[in-house]
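Reading the structure
Single-letter residue listing:
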Amino acid sequence: MAHIDETRPFIPVGIAVLTVSDTRSLDTDRSGDTLVARITEAGHRLAGRAIVTDDVAAIRATVEAWTRDDAVDVVITTGGTGFTGRDVTPEALEPLFEKRMDGFSEVFHRISYDKIGTSTIQSRATGGVLNATFIFALPGSPGACKDAWDGILKAQLDYRHMPCNFVEIMPRLDEHLKRTAG
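Let me begin by describing the structure that accompanies this report. (Residues numbered from 1 in each chain as written. Predicted model: local features only at pLDDT ≥ 70, side-chain atom pairs only at ≥ 80, totals over all residues. Heavy atoms only, no water.)

Bringing the packing of aromatic side chains into the picture now. Under the criterion given, the structure shown has four aromatic pairs. Each ring, one from Phe 104 and one from Phe 136, has its centre 4.9 Å from the other, and the planes form 50 degrees; the classification is tilted. Of this pair, Phe 104 sits in helix H4 (residues 102-116) while Phe 136 sits in strand S7 (residues 133-138), and the two are 32 residues apart along the sequence. A residue is classified by how much of its surface remains accessible, and Phe 104, at 3% relative accessible area, is buried. (Phe/Tyr/Trp six-rings, centres within 6.5 Å; stacked < 30°, edge-to-face > 60°. Helix = DSSP H or I, 4+ residues; strand = E, 2+ residues; numbered from the N terminus. Buried < 20%, exposed > 50% of the residue type's maximum accessible area, 1.4 Å probe, protein only.)

Let's shift gears to the pattern of salt bridges. If you walk through the whole model with that rule in mind, you get 15 salt bridges. A salt bridge links Arg 24 to Asp 29; the nearest nitrogen and oxygen atoms lie 3.8 Å apart. Since its relative accessible area comes to 28%, Arg 24 is described here as partly exposed. As a salt-bridge pair, Arg 38 and Asp 150 come within 2.8 Å of each other at their nearest N and O atoms. Taken together, the residues Arg 38 in helix H1 (residues 30-41) and Asp 150 in helix H5 (residues 142-156) connect sequence positions 112 residues apart. On the accessibility criterion, Asp 150 (43% relative accessible area) is partly exposed. Salt bridges sharing partners connect three or more residues here, namely Arg 24, Asp 29, Asp 33 and Arg 49. (Salt bridge = Lys/Arg side-chain N within 4 Å of Asp/Glu carboxyl O.)

For the rest of this paragraph, the subject is the nonpolar core. Ile 76, Phe 104, Phe 134 and Phe 136 are the most contacted members of the largest nonpolar core, which totals 29 residues. Counting residues per element, this core draws most heavily on H5, which supplies six residues. (Core = buried A, V, L, I, M, F, W, Y, C linked by side-chain atoms within 4.5 Å.)

Pairing between the strands of a sheet is mediated by backbone hydrogen bonds and can be parallel or antiparallel. On the basis of which strands lie adjacent, the open sheet formed by six strands has the order S3-S2-S4-S7-S6-S5 and mixed pairing. Each having just a single partner strand, strand S3 (45-52) and strand S5 (99-100) make up the two edges of the open sheet. In this sheet, strand S6 (residues 126-130) lies alongside S5 in antiparallel orientation, the contact comprising two bridges. Across the sheet, residue Arg 100 finds its bridge partner in S6, namely Gly 128. (Pairing = 2+ DSSP bridges.)

A few words on the environment of Ser 141. Within the fold, Ser 141 resides in the loop between S7 and H5. Given a relative accessible area of 34%, Ser 141 falls into the partly exposed group. Sequence-wise, Ser 141 and Gly 32 are 109 residues apart; in three dimensions their C-alpha atoms are separated by 9.3 Å. A polar contact of 3.0 Å, which involves the side chain of Ser 141, links it to the backbone nitrogen of Ala 144. (Polar contact = N/O pair within 3.5 Å; in protein donor to acceptor, adjacent residues only side chain to side chain.)

Two elements in contact, H4 and H5, have axes whose closest approach is 10 Å; the angle formed by their N-to-C orientations is 120 degrees. In terms of their interaxial angle, H4 and H5 are classed as oblique. Here H4 runs over H5; the crossing is right-handed. For the pair formed by H4 and H5, the contact residues are Phe 104, Val 107, Phe 108, Ile 111, Ser 112 and Lys 115 on the first element and Ala 144, Asp 147, Ala 148, Gly 151, Ile 152 and Leu 153 on the second. When grouped by side-chain class, the residues that make up the contact of H4 with H5 number eight nonpolar, two polar and two charged. (Axes fitted to C-alpha atoms, helices over the stretch in contact; angles between N-to-C directions. Parallel < 35°, antiparallel > 145°, perpendicular 65-115°, else oblique. Left-handed = near helix turned anticlockwise from the far one by under 90°. Contact = heavy atoms within 4.5 Å. Nonpolar A, V, L, I, M, F, W, Y, C, P; charged D, E, K, R; others polar.)

Moving on, we get to the packing of H1 against H5. In contact at an axis separation of 8 Å, H1 and H5 are set at 25 degrees when each is read in the N-to-C sense. Classified by the interaxial angle, the pair formed by H1 and H5 is roughly parallel. Here the hand of the crossing between H1 and H5 comes out right-handed. Here H1 contributes Arg 30, Ser 31, Thr 34, Leu 35, Arg 38 and Ile 39 to the contact with H5, which in turn contributes Pro 142, Cys 145, Lys 146, Trp 149 and Asp 150.

Following this line, the structure appears as structure tokens:
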């Protein structure tokens, strides 16, 4: 069973939060605020925060820049995962992923289903890896951000979480780039 191994040290990671919205500002960004509060309460470092419009190029530019920043281990986006014409976060990010994390979406929907029922199918939450950085795209509601953090990310971003977690594999995310010809 999953558990926290108190004999292991907590290792804080750098997490950047990107809100994708045409209407929000830092003063009105409740979803971003929810994530920032949970990140810092857990003991992690807020490595960046920004708001960009629902624009593929703007989303990509911000996320790609963060994945090249050594202070950023994880990028969490909120917003733009629905089905309306302006919802383009998955289109912006999924082509960039070196590896997709299908299980993230599946577990997110499982957790979300228990709270909002079949309405969970209106989210295209997704996750993957780019430049040895984990990326998670969440819906734009504070409730969805709480569900993703509390139900998945808090545990997986805790080195003490057993039997396995994201933090322990972070040093190996770019091992394919370090291989030498034999």
